[in-house]
Amino acid sequence: MNTTPSIPHPARQIGRILRRFGTLIGFFAIVLFFWSQRPDTFMTVRNWLNITQQISILGVVAFTMTVVMVMGDYDLSVGAMASLGGIAAALLFQQEMPVLTGIAVALLIGVAGGLLNGVLVSLVGITPFVATLGMLTVFSGVAFFISEGETIFGRAIPEQFSDFARGGIPLGTIGEQAVLLPNLTIVALLVLLAVWVLLEQTTFGRRLYAIGGNKEAARLGGVRLRLLRLIAFAVTGVGAAVAGLMLVSRLASANPTQGDGLMLDAIAAVFLGMTMSEEGEPHVLGTLVGVLILGVLRNGLTQLAIDSYVQQILTGAIIILAVTLSRLIRRAS
Amino acid sequence: MMSSTNTPLFEVLGATKEFGATLALEDASLTLRAGEVHALMGENGAGKSTLIKVMAGVTHADAVAYRMDGRPVHIGGAADAFRLGLRFIHQELNIVPQLSVAENMHMGQRYPRRLGMFVHWGELYRRSQQVLDTLGVGYISPRAIIARLSAGDQMLAKIASAFMPDAGDASRPARVYVLDEPTAALTGEEAERLFGVIQALTAQGCAVLYVSHRMDEIFRIAQRVTVMRDGRVVSESLIADTTPDVLIHDMTGRTLETLYPPRQSAISPEPLLSVEGLVTTKIRAVSFTLARGEIMGVAGLSASGRTELLRALMGADRKLSGRVALRGKVVNWISPRRSWDRGLAYVPEERRSQGLVLSRSIEDNAVLPHLDAFSRGRVFVNRRRERRETESLALATRLKARHPSQVVRELSGGNQQKVVFARALAGRPDVLLLDEPTRGIDVSAKHDIYQLIRQKSADGCGVLLVSSDLPELIGLCDRILVMRAGRAHAVVSAANLTQADLLRLCYGEKIS
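Predicted model, so just to flag it, every value in this text is computed and none were measured.

Criteria and thresholds
- Residues numbered from 1 in each chain as written.
- Chains lettered and ligands numbered in written order.
- Predicted model: local features only at pLDDT ≥ 70, side-chain atom pairs only at ≥ 80, totals over all residues.
- Heavy atoms only, no water.
- Helix = DSSP H or I, 4+ residues; strand = E, 2+ residues; numbered from the N terminus.
- Rg over C-alpha atoms; globule rule 2.2 N^0.38 Å.
- Buried < 20%, exposed > 50% of the residue type's maximum accessible area, 1.4 Å probe, protein only.
- Contact = heavy atoms within 4.5 Å.
- Expected span 1.5 Å × (residues − 1).
- Polar contact = N/O pair within 3.5 Å; in protein donor to acceptor, adjacent residues only side chain to side chain.
- Buried area = accessible area lost by both parts, 1.4 Å probe.
- Salt bridge = Lys/Arg side-chain N within 4 Å of Asp/Glu carboxyl O.
- Nonpolar A, V, L, I, M, F, W, Y, C, P; charged D, E, K, R; others polar.
- pLDDT = per-residue confidence, 0-100.
- Pairing = 2+ DSSP bridges.
- Axes fitted to C-alpha atoms, helices over the stretch in contact; angles between N-to-C directions.

Some points on the overall build of chain B
A tally of helices and strands in chain B yields 17 helices and 24 strands. Taken over the C-alpha trace, chain B has a radius of gyration of 24 Å; the compact-globule value for 512 residues is 24 Å, and the two agree within 12%. Over its C-alpha atoms, taken along the principal directions, chain B stretches across nearly 70 × 55 × 50 Å. Across the 512 residues in chain B, those meeting the buried criterion constitute 57%. In chain B, of all internal contacts separated by at least 6 residues, the share reaching a separation of at least 24 is 67%.

Quick notes on helix 13 (residues 308–332) of chain A
Because each turn of an α-helix spans 3.6 residues, side chains separated by three or four positions end up pointing in the same direction. Residues and elements named next belong to chain A. The terminal C-alpha atoms of helix 13, which comprises 25 residues, lie 36 Å apart, in line with the 36 Å expected from a rise of 1.5 Å per residue. Within helix 13 the residues assigned to the buried category are Gln311, Thr315, Ile319 and Ser326. Taken together, the buried residues of helix 13 touch helix 11 (262–274) and helix 12 (284–303). Between the side-chain oxygen at the start of helix 13 and the backbone nitrogen of tyrosine 309 there is a gap of 2.8 Å, and the oxygen is on aspartate 307.

Structural notes on the interface of chain A and chain B
Tallying the contact residues gives 27 residues for chain A and 44 residues for chain B. Buried surface at the junction of chain A and chain B, both sides included, amounts to about 2,900 Å², of which 50% is carbon and sulfur. Seen at the junction of chain A and chain B, the total is 5 salt bridges. Salt-bridge contacts for B:Asp364 lead to A:Arg206; the nearest nitrogen and oxygen are separated by 3.0 Å. Counting across the chain A and chain B interface gives 15 residue pairs in polar contact (both at pLDDT 80 or more). Broken down by secondary-structure element, the contributors of at least two residues to the side of chain A that touches chain B are helix 7 (183–201), helix 8 (203–213) and helix 9 (215–220) of chain A. If one sorts the elements of the side of chain A that touches chain B by residue count, helix 8 of chain A sits on top with 6 residues. Tallied by class, the residues present in the side of chain A that touches chain B amount to 9 nonpolar, 10 polar and 8 charged.

Observations regarding the confidence of the model for chain A
Summarising the model, chain A shows a mean pLDDT of 92, and 96% of its residues fall at 70 or more. Every residue in residues 1–7 of chain A is under pLDDT 50, and counting partners more than four places away or in other chains gives 17 contacts.

Description of the sheet that holds strand 14 (residues 286–291) of chain B
Residue and element names in this part refer to chain B. Pairing within the open sheet is antiparallel, and its 4 strands lie in the order 14-13-16-17. The strands lining the two open edges of the sheet, one partner per strand, are strand 14 and strand 17 (329–331). Neighbour-to-neighbour, the strand axes of the sheet open up by a mean angle of 20°, direction not taken into account. Sheet strands touched by helix 9 (residues 306–314): strand 13 (271–279), strand 14 and strand 16 (321–326). Its angle to strand 13, the strand with the most contacts, is close to 110°.

Points about the confidence of the model for chain B
Across chain B, the average pLDDT comes to 87, with 95% of residues at 70 or higher. Note on the complex model: pTM 0.81, ipTM 0.87.

In structure tokens, the structure reads:
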């Protein structure tokens, strides 16, 4: 019956490799390109540690975004949530509250905002696109309202907090200077590990993938759809708040829009990662490759002194190219 | 219906097709006669679909010849097949759900127009109605949105579209209809209507090629039957000269003692599941008791509430009132999660949309309802235990797959159904709720599933089996609950029950 024409073995093997690792190969191609263009500055330990720090904040948002995207949902409010979480913590710092209080409140706001998204999506039944788009506006409005539109910076941000982003674990020395594994990179790695364990090693993650594959079959198969969706949105909310805190620490300032740009990049990273999965499912390691591609492009193009607007155009074009290629390869095989 | 014009209308001669190293078709020939329903049988993978695709001009055979009215003709593509008057109706309907019946019937054709550019809606509906009337299904409104029709009426509307006179060209009327498992998704009632249409077709001198796994249908409507196995035609005979046993032997190459394994264990008197006055939005005051080891069939026409009864017991639909007791204990909160945990297992009606996560592996699907049981501390998945369980289930269900990690989408229909079945068995259930567990799968797979059902019943499982295959109900069940209009119409013993009696019960009559 369903006899598909059998392709000779090696060709099929190559097709399979291209399907799974094409995006990774693309990433290495980009790296090689920048290496050849800037042999002295690009392929250095210092630059790579720098890249990991640059992408750490996007990484945290994208890794946790993967959790809802595994279910076939989206969260468009993560950028606004990052802004809101950051500004809320900064306002508390301004009131000379302890650093830990500020962090705790920001994380709580992340959980609450995520749960609110979850309630709208899973209990009320609004599509994630509309629900989280609405909440994006709400979070953004709240961020402006509580900060009165002001940027909080300077002495308002405790040194203890902003030093965190500058610090790191010493790895050794190159020449005169100490080389640090940045704290922000460590945070991103911890979040990556946590999300990987959650999605790939727990029953929770297994059920999320089932929901993403077939909601009705998952429900009839005993998956508590509503509860799980709720929790997944909360995870994404916390991730956004963590990213917001990282931003405040890195910039030593907070304003009500500073996290807004994270949302589109995070979704783009997850999509890039999805091109690496045979069934088109999001996987957090795929997302990592997506984040690396975006980070390396930004770093490399900046080193080539390409205008930042042109960088945007190139980045967008490369994302579309990657997804198109993966689709074409899939169709061909 | 043996027409006097019993001459060959369309012939496929010596079709051979190689896919890589496998011969999908080997010198397969088929002769369709005017006014005749010709059944094509064979297990999944026997080459039926390939042969049909070759006829349709979709797949190019390595060698083949065709004759129409005794004269050689050429089919190089789908357009040639259409021009010759061949029409194909597949299992999965190509409909546009949001459009009306009339628009779906005119798919691929020119709409009637006004002033050369505006659709002449009145004319469109009138033409469609005319065709529907000719086929005796005039109750289907051409204006209805096709998605709102039942699966059966959608099928009938689609068949009717094959009758649309091609705009302004009456020289290519449809002459040969190929129906590929048309009743797989139909209820008994809807199938009856389809048979009426098929009769109308042959009365007009058309030839019908009818692919089905269902023996009772073949013996009712076909005059001739061809059996394929491993890409070859193994037998062609007049229905009058053959029996189901012979056909099963031809299809499988072995003799199945009986398709329905006989009961070998006694039913315990202990009530396992008792239901009193169960009400949902779809069923009204249903009461019955299922004993340990008992197989109870659930029969009924479409929308009789048979599927909904299982859904209510599983918690897929909300229970409004009534009392459900399991192992003597009343259960109050019913949800799919709780039902699985309580030892109920469910094989839903539609394996693809309700039973399986096609994008995931066999093992992921098999353990999904029982993840906690196979986990470390209910939190972390335990792949070793999952793998071991899946392998033993695959063995028990005779699942054919490369590896437990193979994605379910890649499996054949019969093997997909076995995964749904394996999933139900994984939790060592007490009650099996089975909705059409053998729909659209071949004889060998059916036989495997029947044996599993028997075996579980011998282990003390209670089984509720919903089916529109009446021989299956009679052959396998101890008692049969007949649903009608959401109510339990009758409960009868399956011993000595005839198909005719069961059908009469389904239509609301009482038998003594």
